[in-house]
Amino acid sequence: GKMLKELGATVENREVPVIAEAAQAKEIEALMAAEAWRNTGKILETWGGDRDWLTDWIVDGKDIDHSLIEELRSVQKRLQSKLSQDESEIDAFLAPTVRATTRPIEAVDANFMEHMGNYLSNTIVGNCLNLCAMSLPSDLDSEGRPIAAMIMAPAFADDLLLSIGIALQASAMQPGNLPATPA
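Overview of the structure. (Residues numbered from 1 in each chain as written. Predicted model: local features only at pLDDT ≥ 70, side-chain atom pairs only at ≥ 80, totals over all residues. Heavy atoms only, no water.)

Here we look at helix α4 (residues 53-60)
Put simply, the rule reads: A simple rule labels every residue: compare its accessible area, found with a 1.4 Å probe on the protein chains alone, to the largest value its type can have, and call it buried under 20%, exposed over 50%, or partly exposed in between. Strands here mean DSSP runs of E at least two residues long; helices mean DSSP runs of H or I at least four residues long; both are numbered from the N terminus. An arc is given here, and it is the one of the directions from the helix axis to the C-beta atoms. Note on contacts: a residue pair qualifies if any of its non-hydrogen atoms lie within 4.5 Å across the two residues.
Burial in α4 covers these residues: Thr55, Trp57 and Ile58. What you see down the axis of α4 is that its buried residues fit within an arc of 160 degrees, all on one side. Those residues of α4 that are buried are in contact with α3 (26-46).

Focus: the pairing of strand β2 (residues 131-140)
Put simply, the test is: Criterion used throughout: strands pair if DSSP finds at least two bridges between them.
Alignment of β2 against strand β3 (residues 146-154), held across nine bridges, turns out to be antiparallel. Among the inter-strand pairings, Cys132 is bridged to a residue of β3, identified as Ala153.

With respect to a negative patch on the surface
Here is the rule we go by: Put simply, a patch holds well-exposed residues, over 30% relative accessible area, that have no salt bridge, with like charges counted together within 9 Å and Val, Leu, Ile, Met, Phe, Trp or Tyr side chains within 5 Å. Per-residue and other accessible areas follow the Shrake-Rupley method at a 1.4 Å probe size, with only the shown protein chains counted as cover for residues. A side-chain nitrogen of Lys or Arg and a carboxyl oxygen of Asp or Glu constitute a salt bridge if their distance falls within 4 Å. Only four residue types enter the tally: Lys and Arg on the positive side, Asp and Glu on the negative side, with His and both chain ends excluded. Every charge is mapped to an atom, namely NZ of Lys, CZ of Arg, CG of Asp or CD of Glu.
Taken together, the side chains of Asp50, Asp52, Glu106 and Asp109 make up a negatively charged region of the molecular surface. Along the chain, Glu106 turns up in helix α6 (residues 105-110).

Some points on the packing of α3 against helix α5 (residues 66-86)
Stated formally: For helices, the fitted line uses only the C-alpha atoms of the stretch in contact; every axis is such a line through C-alpha atoms, and the angle between N-to-C directions lies from 0 to 180 degrees. Our angle categories are set so that under 35 degrees counts as roughly parallel, over 145 as roughly antiparallel, 65 to 115 as roughly perpendicular, and the remainder as oblique. Crossing handedness follows the turn of the near helix against the far one: under a right angle anticlockwise gives a left-handed crossing, and clockwise gives a right-handed one. The residue classification treats Ala, Val, Leu, Ile, Met, Phe, Trp, Tyr, Cys and Pro as nonpolar and Asp, Glu, Lys and Arg as charged. All others, Gly included, are polar.
Between α3 and α5, whose axes approach to 9 Å, the crossing angle comes to 125 degrees. Classified by the angle between their axes, α3 and α5 sit oblique to one another. As α3 runs across α5, the sense of the crossing is left-handed. Across from Glu27, Ile28, Ala30, Leu31, Ala34, Glu35 and Arg38 in α3, the residues of α5 making contact are Ile69, Leu72, Arg73, Val75 and Gln76. Of the residues assigned to the contact of α3 with α5, the class counts are seven nonpolar, one polar and four charged.

Let's talk about the side chain of Gln76
Going by this rule: Polar contact criterion, stated in full: a pair of N or O atoms within 3.5 Å, where within protein one must be able to donate a hydrogen and the other to accept it, and residues adjacent in sequence count only if both atoms are side-chain atoms.
Looking at the element boundaries, Gln76 is found in helix α5. Within polar-contact distance, the side chain of Gln76 engages the backbone oxygen of Cys128 at 3.2 Å.

Notes on α3
In plain terms, the rule: Here a helix's expected span is defined as the number of its residues, less one, multiplied by 1.5 Å. A residue's bend is the angle separating two fitted axes: one through the seven residues that end there, the other through the seven that start there.
A rise of 1.5 Å per residue sets the reference length of α3, with its 21 residues, at 30 Å; its end C-alpha atoms lie 29 Å apart and thus fit the reference within 8%. Where α3 bends most, the angle comes to about 70 degrees, and this point is Thr40. Taken as a whole, α3 has its buried residues at Ile28, Leu31, Met32, Ala33, Ala34, Ala36, Trp37, Gly41 and Leu44.

These figures capture arrangement, not role.
Next up, the structure:
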């Protein structure tokens, strides 16, 4: 927040209830699986490669019937409407890209479903609420792994999003603002 304030932005650190609600909406994960199946199902039906957690998740979307998809879309539309009504004065949101820092790929691959909530929860919120987003590397954790900040803005506010990202990146590149290189 300090860097944004120095750039002239009004920064507020507060809970946004609809974002928390969208993050907890299991219905949205099901809707995303159904839409992923609709978009890639034909490819997966003919693909001869090994399946993994992602392809299994997409294939699960095949079994979601049309009436449930419409019900899930109504949840999504309700959340989108609530965001535009309750938070109309907010131009952009800043959040961690993921809830937990990265783990070694071997640990994640061994049991992705255990890690999925930490790695996809904030990006799912953007998908659910129809926000455009970008992530910027922001620092390193205590183990030298990268962490990033995600900037989210309303749909089609790409110019605002890019302006914020460019300003943050330019400010971060100034001497004294760069993260230390791990030993």
